[in-house]
Amino acid sequence: MPQQLEVTEYDVIILGTGFVESILAGALARIGKSVLHMDTNEYYGGSWTSFNFQELLDWAQLLQGCPYYLVTICHVEESSGNSQENFEGKKALPINFSKARRQAYSTIEYEIYGILKQTNSTEENEEYLHKDEQDTSEETIRHVSTSLSNFERETLAKLLKESKQYNLDIAPKIMPCRGELIELLISSGVGRYLEFKALDKTYIYSDQDTFDKVPCSKEDVFTSQTVTLIDKRKLMRFLTFALDFTNSPETFEGYEEKPYEKFLKEKFQIDGKLLSAVLYAITLIQTKANDVNTIQGLTYTQRYLKSLGRYGNAAFLVALYGAGSEISQGFCRISAVFGGIYMLNHSIKHLLIDKSSNNFTGLIDVNGQQLSSTYLITSIDYIPEKLLQENEECEQISRAIVIIDRYIHEEGDASLTIFPPDSVGNEYPIRVLQFSEGTRSCPEDKYVLYMSTKASGKSAKEDLYKALEKLVNISNDDASLSSPLFALFYRHKFRDATLSSLLPDNIIVTNDSDSSLDFETATIQAKQLFEKMCPNEEFLPAVPDPDDDDL
Amino acid sequence: MSTTNNRQNAQASGKLYQFKLVLLGESAVGKSSLVLRFVKDQFDDYRESTIGAAFLTQTISLDDNTTVKFEIWDTAGQERYKSLAPMYYRNANCAVVVYDITQPSSLDKAKSWVKELQRQADPNIVIALAGNKSDLNARRAIDSEEAQAYATDTGLLFFETSAKTAVNVNELFTSIAKKMPLEQLAANSRGRGSGLKQRGVDLTSPTPANNCSC
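Residues numbered from 1 in each chain as written. Chains lettered and ligands numbered in written order. Predicted model: local features only at pLDDT ≥ 70, side-chain atom pairs only at ≥ 80, totals over all residues. Heavy atoms only, no water.

### Notes on the sheet that holds strand β1 (residues 15-25) of chain B
Residues and elements named next belong to chain B.
So, step 1. Read from one edge of the open sheet, six strands run β2-β3-β1-β4-β5-β6, paired in mixed fashion. The open sheet is flanked by β2 (56-63) and β6 (157-160), the only strands paired with a single partner. In this sheet, adjacent strand axes meet at a mean angle of 25° when their direction is disregarded.
So, step 2. Bridge analysis of β1 against strand β4 (residues 94-100) gives five bridges, and the strand direction is parallel. Within β4, the residue paired with Leu-21 across the bridge is Cys-94.
So, step 3. In the packing of helix α6 (residues 169-179) onto the sheet, the strands contacted are β1, β2, β3 (66-73), β4, β5 (126-132) and β6, and the crossing angle to β6 comes to about 170°. (Pairing = 2+ DSSP bridges. Helix = DSSP H or I, 4+ residues; strand = E, 2+ residues; numbered from the N terminus. Axes fitted to C-alpha atoms, helices over the stretch in contact; angles between N-to-C directions. Contact = heavy atoms within 4.5 Å.)

And the structure:
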């Protein structure tokens, strides 16, 4: 039964419930704008969402090409008729959401690994699955398992059995303990809806096949076993300077635009392993060392140092249950609390553009209902092809989601591991987040590795596989490493639609998630878009405590 | 029972249990009105849909040593087009599913919300069914017996309530509090509503680094 909306005119219609759209939905409803927030997906979070195991597998298969049994969730909505029809004197530009989504991802490959150390017999597991009446699981096993060995089938059955205990982020991110997002979560009250764990361990891969724990805080530097006394002195001197670098401009005078690496070497004699650690594990640069100048580098280093000590020894926090999805839901809730209307699982057919002014005037949804608004905010997936200038040069990010049976390095809720450029044949730094049951990413006896790097080779798997081999027992027989159960490799585009000059002024497009480890650039984008739309309004002011006030 | 006194008692009492309670039900059955009656002892005939409250809290003293604090989450209208966020159900310890005794279809809707809870929420969630607007008995469209039978079959608490006249409102929430497996929850700290405090890092309470700030 199609759902018709009672109200058809809004200040703002928002398409997509990704991170940036959701913050804007919250901010706009909060200041009294009427907001209609829609998503073609049946879930929150858009390309920032998290999936349980079954959903992740479905998603991967969907991107590889829609398998027969998934047609119901495929949202086949190829527009009928002319690509550019007239609608009441306006241009009606067709939207092809599912095509746009599919085009954003490439080189999707997944692998299921057999477990050799058996605890349960095959029969026992299959029996359990039948009892569970999980039709979809059985369907999946039947579909996927034709090419699988018995051991692999067994792994798949186990993963599907525990499917709901997984919250797997498709764009995993963490947040610095001091930064734009955390301040916004605190000031807006959205943080009260969420739960967090600290990420307080960082490791860096070094050439002798070892991982060194990176000393981050001054305390760490003192107690570190891996840093020599000389290096400790250098590092202390540097960290003390970097924390307040703006107070001693004479130290970096002449280096501002020069590579950060050069500055560190020449002014602080930081070199070798220590240099790698400062650049990739503390400053967390995501590109080649030469691409970061001294001012940028110092700014990132300082942000990291300032993040320490606020919540224990952690520089980062992890939001539980899948950060992108949960945080988006939190801002959507604020929006709803202030009157925002929510409609998921709802397709949009056309955007309407006024022929004379070339402005957006409204849209036509799957029911043929016309909905109009002064502004449209949308993720790039809902932009009609005619309004997009496809930028072939756009950045791509290679990612992997790997489920393993034992922690790497040490036990803990969350950790970060860095492979500096060229350490495993990689062009750019590879970052690996390890999340545990403590972050509600997986069941108790499993761990999840999220790997990411800027794309450089032919595929996501090619970009990340050598690093994965150093972490888990994937191709050699090193029983001391943890065993993988499942790995999904994929690449996604970072599409920057703000570059398109074809867009009407009153269509505001949000970017995809970028290659950074945190939500900072996305939070800043949300804030800037809000300030552009509503220059004199406050961005997500605190919600009054209803326990104190009369409603 | 005076809720104001309960709030004060909470300070002095022995054990405080905090629970997340979610409200569900069709639009306009009086979900927010029930909460407003329970939390603030107010009622507004012309109240439009819920605006401005992220969640409300209210405490109930079960005895001198036991206080239950409910953190009550309203749907904020997200249920209207079936777009309730998974976050809403997450770690909910109890739920009140509301229908309107004058609207024949609203009990069916309530039943589908119960199914949704059984699918999405914690299996141990305590669910209460509330047939609201009992003050409009003359326009009744749903028999008490029918709803009671359904509640008994499904293992739900059941009350006919009136947010307008306050009938059975405190009773509803008190019964939920009494049905919560307090000892069990205290022992098992998984989930934010189970224990006294939220798990993990509290954003508003910075915790300084272990020692040595040098």
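### Description of the confidence of the model for chain B
All names here are of chain B.
So, step 1. With 79% of its residues at a pLDDT of 70 or more, chain B shows a mean pLDDT of 83.
So, step 2. Per-element averaging of pLDDT across chain B places helix α1 (residues 3-12) at the bottom with 45 and β6 at the top with 98.
So, step 3. Taken as a whole, residues 1-11 scores under 50 in pLDDT and shows 16 contacts with residues more than four places along the chain or in a different chain.
So, step 4. Note on residues 189-197: pLDDT under 50 across the span, and 25 contacts to partners over four residues away in sequence or across chains. (pLDDT = per-residue confidence, 0-100.)

### A closer look at the side chain of A:Arg399
So, step 1. Summarising the element assignment, A:Arg399 is placed in strand β17 (residues 396-404).
So, step 2. Within the local environment of A:Arg399, its side chain forms a polar contact with the side chain of A:His492, the two groups lying 2.9 Å apart. (Polar contact = N/O pair within 3.5 Å; in protein donor to acceptor, adjacent residues only side chain to side chain.)

### Description of the nonpolar core
So, step 1. Counting 110 residues, the largest nonpolar core has B:Phe70 and B:Leu129 as the members making the most contacts within it.
So, step 2. When residues in this core are grouped by element, the largest group, eight residues, is from helix α1 (residues 19-30) of chain A.
So, step 3. Those residues in contact with B:Phe70 that sit more than four places away from it in its chain are B:Phe19, B:Leu21, B:Phe38, B:Leu56, B:Thr57, B:Gln58, B:Ile60, B:Cys94, B:Phe173, B:Ile176 and B:Ala177.
So, step 4. Counting 73 residues, the second largest nonpolar core, distinct from the first, contains A:Ile174, A:Ala242, A:Leu275 and A:Ala315. (Core = buried A, V, L, I, M, F, W, Y, C linked by side-chain atoms within 4.5 Å. Buried < 20%, exposed > 50% of the residue type's maximum accessible area, 1.4 Å probe, protein only.)

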